[in-house]
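# An overview of the molecular structure
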Amino acid sequence: MRNPYHEFTAALLLILMACCWFACATDGFTGSYVRKAKKPKDMPLDADVFMLPPGYNAPNQVHITQGNIDGSAMIISWITNDEPGTNTVLFGTSNYNLSFQAEGRVNQYKFFNYTSGFIHHCTLKNLKFDTKYYYEVGIGHTRRKFWFNTPPKVGPDVPYTFGLIGDLGQSNDSNITLAHYESNPAKGQAVLFVGDLSYADNYNHNNIRWDTWGRFVERSAAYQPWIWTAGNHEIDFAPELGEVEPFKPYRNRYHVPYKASNSTAPFWYSIKRASAYIIVLASYSAYGMYTPQYQWLEAEFKSGKIDRSETPWLIVLMHSPWYNSYNYHYKEGESMRVMYEPWFVKYKVDVVFAGHVHAYERSHRISNIAYNIVNGNCRPVADLSAPVYITIGDGGNLEGLATNMTEPQPKYTAFREASFGHAIFSIKNRTHAYFEWHRNDDGVAVIADSMWFYNRVWNGIHDSV
Ligand SMILES: [Fe+2]
């Protein structure tokens, strides 16, 4: 028979632990580092990172992204400027013998008075896992060769290291962010990009700035997949120029494997990579009840397809953050939070990465799902089933840093700092992952903020302080 005294003592202990945790969780931290106040300067059109590669019809803006659900396919994209050329990709596991061949497709689009180059997309399929592949494009004219590594086969304890970059743009600071990411000793194997790529819309939608951005990031994006999320700067809705099709340049240039996850549009989709299940959401496509994105996400969660014994780590990418204590973009993510946050808690999302706010911020594990109009419970509370929310919109674009913060620091936010930088999310096994944020002003190995993540399903104890 149970001893009621023991039960009372146990309950008291639990309450004390919960109180202690919440007390700890209220000690938010604002980085004391003072960054020099200088607005980013855009790199000029003749900057070396924007140069066309030499040779007739040379492929440029080469980039790759995952091409199917499990990472055994890769989408190779490139642009030729003089003529369409071939859609052929030669590839193989030996640098000297590209024994396989795949055929892609070419497309072109017009935007106001701009006509794009010839945009090629080709999916390489049935790749071996955990293997280095070499590939060559520009067959028939000027050939260019690159390489990539496929991820390990999907499995629960497969280590994998993701880089995190957001709101990159094409300023001198953007260049520093990318250089820091490339030289980070943590060695990211794929980039989770949380939206706002080129900022071409800030140049009156001059699509030449889409081209320069593509050439700028090629030095990374041709060698490791960048997993794309659409931000507001991808919308390119410009009725004053007669351009009313949202996302036209982005959709033509950056293909993603959305059909593989039963999505009906390239702005929301999911993939598995190593031990992670990654859901990409669209802040700027309809997400309310009955919409295609809502129905798709509901099926993602409720169909049982997210198997945490196969992919323990559940990561969500979106552009507009739900939790943000800077005085920018206030409430822009709020209605999506109201719609989807109960699922994130119920299905134990480990971490949500967002951009949009040009700064860095990391939350505690909190939720705000109790409010029902009449009960008044409208504040975020500590919740061990909830994700950590990280804003990583600090890539360095020309709009500058978000320096103005709400004061005092809200209790739900653990660390915030207005500096440019990038982050790394390094999965060790099914229970542990290490997150680190790097500010551009430090040496490449310096970690300015960090957190050991404990997986919500396999190790769901407190970890966010
Ligand atoms: Fe944005």
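Definitions and cut-offs
Residues numbered from 1 in each chain as written. Predicted model: local features only at pLDDT ≥ 70, side-chain atom pairs only at ≥ 80, totals over all residues. Heavy atoms only, no water. Phe/Tyr/Trp six-rings, centres within 6.5 Å; stacked < 30°, edge-to-face > 60°. Lys NZ or Arg CZ within 6 Å of the ring centre and 35° of its normal. Core = buried A, V, L, I, M, F, W, Y, C linked by side-chain atoms within 4.5 Å. Buried < 20%, exposed > 50% of the residue type's maximum accessible area, 1.4 Å probe, protein only. Contact = heavy atoms within 4.5 Å. Donors = N, O, S within 2.8 Å, 3.2 Å for Na, K, Ca; no water. Tetrahedral: all angles 85-135°; square planar, octahedral: opposite > 155°, others 65-115°. Helix = DSSP H or I, 4+ residues; strand = E, 2+ residues; numbered from the N terminus. UniProt positions renumbered as here; feature names shortened; annotations may be inferred. Pairing = 2+ DSSP bridges. Axes fitted to C-alpha atoms, helices over the stretch in contact; angles between N-to-C directions. pLDDT = per-residue confidence, 0-100. Expected span 1.5 Å × (residues − 1). Arc of directions from axis to C-beta. Polar contact = N/O pair within 3.5 Å; in protein donor to acceptor, adjacent residues only side chain to side chain.

With that settled, the discussion passes to the packing of aromatic side chains. This model, assessed by the stated rule, comprises 43 aromatic pairs. Put simply, the rings of Tyr 287, Tyr 294, Phe 301, Trp 322, Tyr 323, Tyr 340, Trp 343, Phe 344, Tyr 347, Tyr 389 and Tyr 412 touch in pairs and so form one group of aromatic residues. Between the NZ or CZ atom of Lys 132 and the centre of the ring of Trp 147, over which it lies, the distance is 4.3 Å. Lying over the aromatic face of Trp 458, Arg 430 brings its terminal NZ or CZ to 4.6 Å of the ring centre.

What tends to happen in soluble globular proteins is that the nonpolar side chains get buried as a cluster. Ranked by size, the top nonpolar core spans 87 residues in total, and within it Trp 226, Phe 344 and Phe 425 carry the most contacts. If sequence neighbours within four positions are ignored, Phe 344 has contacts with Leu 281, Phe 301, Val 316, Met 318, Trp 322, Val 349, Val 352, Ser 385, Pro 387 and Tyr 389. Among the nonpolar cores identified, the runner-up in size contains 17 residues, and Ile 76, Leu 127, Tyr 135 and Phe 146 belong to it.

All of the protein donors around the iron ion are Asp 196 (OD), Asn 232 (OD1), His 319 (NE2) and His 356 (ND1); their distances to the metal are 2.1 to 2.2 Å. The coordination sphere of the iron ion comprises 4 donor atoms, whose angles at the metal cover 88 to 168°; the geometry is irregular. On the basis of relative accessibility, which here comes to 1%, the residue Asp 196 falls in the buried class. Taking relative accessible area as the criterion, His 356 reaches 3% and is therefore assigned buried.

Quick look at the side chain of Glu 436 now. In this fold, Glu 436 is placed in strand β25 (residues 432-439). Other than its neighbours up to four places away in sequence, Glu 436 contacts Asn 184, Ala 186, His 422, Ala 423, Ile 424, Ile 447, Asp 449 and Ser 450.

Mapped onto the present numbering, the UniProt feature "domain: Calcineurin-like phosphoesterase" (unreviewed entry) falls on residues 161-360. This span, residues 161-360, is 28% helix and 16% strand, and a straight line between its end C-alpha atoms measures 20 Å.

In this section: the sheet that holds strand β17 (residues 313-317). Judged by pairing direction, the sheet is mixed, and its 8 strands sit side by side in the order β1-β23-β19-β22-β18-β17-β16-β15 without closing on themselves. The open sheet is flanked by β1 (29-30) and β15 (269-273), the only strands paired with a single partner. Pairing analysis gives 2 bridges linking β1 to strand β23 (residues 413-417), with the strands arranged parallel. Across the sheet, the residue bridging to Thr 30 is Arg 416, located in β23. Sitting on the sheet, helix α5 (residues 292-302) touches β15, β16 (276-280) and β17, and the angle it makes with β16 is about 165°.

What follows deals with the confidence of the model for the protein. Across the protein, pLDDT averages 93, with 93% of residues at or above 70. Residue range residues 1-5 is modelled with pLDDT below 50. Its contacts to residues more than four positions away, or to other chains, number 1 contact. Across residues 7-26 the pLDDT falls below 50, and counting only partners more than four positions away or on other chains, this stretch makes 14 contacts in the model.

Looking now at unusual backbone geometry. For the bond from Glu 407 to Pro 408, the omega torsion is -5°, close enough to zero to count as cis. Position of Pro 408 relative to the elements: it lies in the loop between β22 (388-392) and β23. Non-glycine residue Tyr 199 carries a positive phi angle of around 60°. As for its placement among the helices and strands, Tyr 199 is situated in the loop between β13 (190-193) and α3 (208-221). A relative accessible area of 1% means that Tyr 199 is categorised as buried. At Phe 247, a residue that is not glycine, the phi angle is positive and equals roughly 65°. As for its placement among the helices and strands, Phe 247 is situated in the loop between β14 (226-227) and α4 (248-253). Since its relative accessible area comes to 5%, Phe 247 is described here as buried.

Take the pairing of β22 next. Remark: a regular strand shows side chains that alternate across the two faces of the sheet. In terms of residue burial, β22 counts as a mostly covered element, since 5 of its 5 residues are buried. Here β22 shows a buried face lined by Val 388, Ile 390 and Ile 392 and a second buried face lined by Tyr 389 and Thr 391. As paired strands, strand β18 (residues 351-354) and β22 are joined by 4 bridges and run parallel to one another. Paired with Val 352 across the two strands is Tyr 389, which belongs to β22. In the sheet, strand β19 (residues 360-363) pairs with β22 via 3 bridges, with the strands oriented antiparallel.

Moving on to the sheet that holds strand β2 (residues 60-66). The strand order β2-β3-β9-β6 describes an open sheet built from 4 strands, whose pairing is antiparallel. Single-partner strands in this sheet number two, and they are β2 and β6 (105-107). For this sheet, the mean inter-axis angle between neighbouring strands, taken without regard to orientation, is 20°. Note that β6 and strand β9 (residues 118-124) share 3 bridges and pair antiparallel.

Per the UniProt record, "domain: Purple acid phosphatase C-terminal" (unreviewed entry) is found at residues 386-446. A helix fraction of 0% and a strand fraction of 41% characterise residues 386-446, whose end C-alpha atoms lie 29 Å from each other.

Turning our attention to the side chain of Asp 442. As for its position among the elements, Asp 442 is in the loop between β25 and β26 (449-454). We classify Asp 442 as buried; its relative accessible area is 17%. Setting aside chain neighbours within four positions, we find Asp 442 in contact with His 180 and Ala 448.

Quick look at helix α2 (residues 172-183) now. One turn of the α-helix equals 3.6 residues, which is why residues spaced by three or four share an orientation. In this model α2 runs 17 Å from its N-terminal to its C-terminal C-alpha over 12 residues, within 8% of the 16 Å that 1.5 Å per residue would give. Every buried residue of α2 is accounted for by Asp 173, Ser 174, Thr 177, Leu 178, His 180 and Tyr 181. In an axial view of α2, the angular spread of the buried residues amounts to 160°, which keeps them on one side of the axis. Next to the buried residues of α2 lie β12 (160-165), β13, α3, β14, β24 (421-427) and β25. Put simply, Ser 171 is the residue that caps the front of α2, since its side-chain oxygen is 3.0 Å from the backbone nitrogen of Asp 173.

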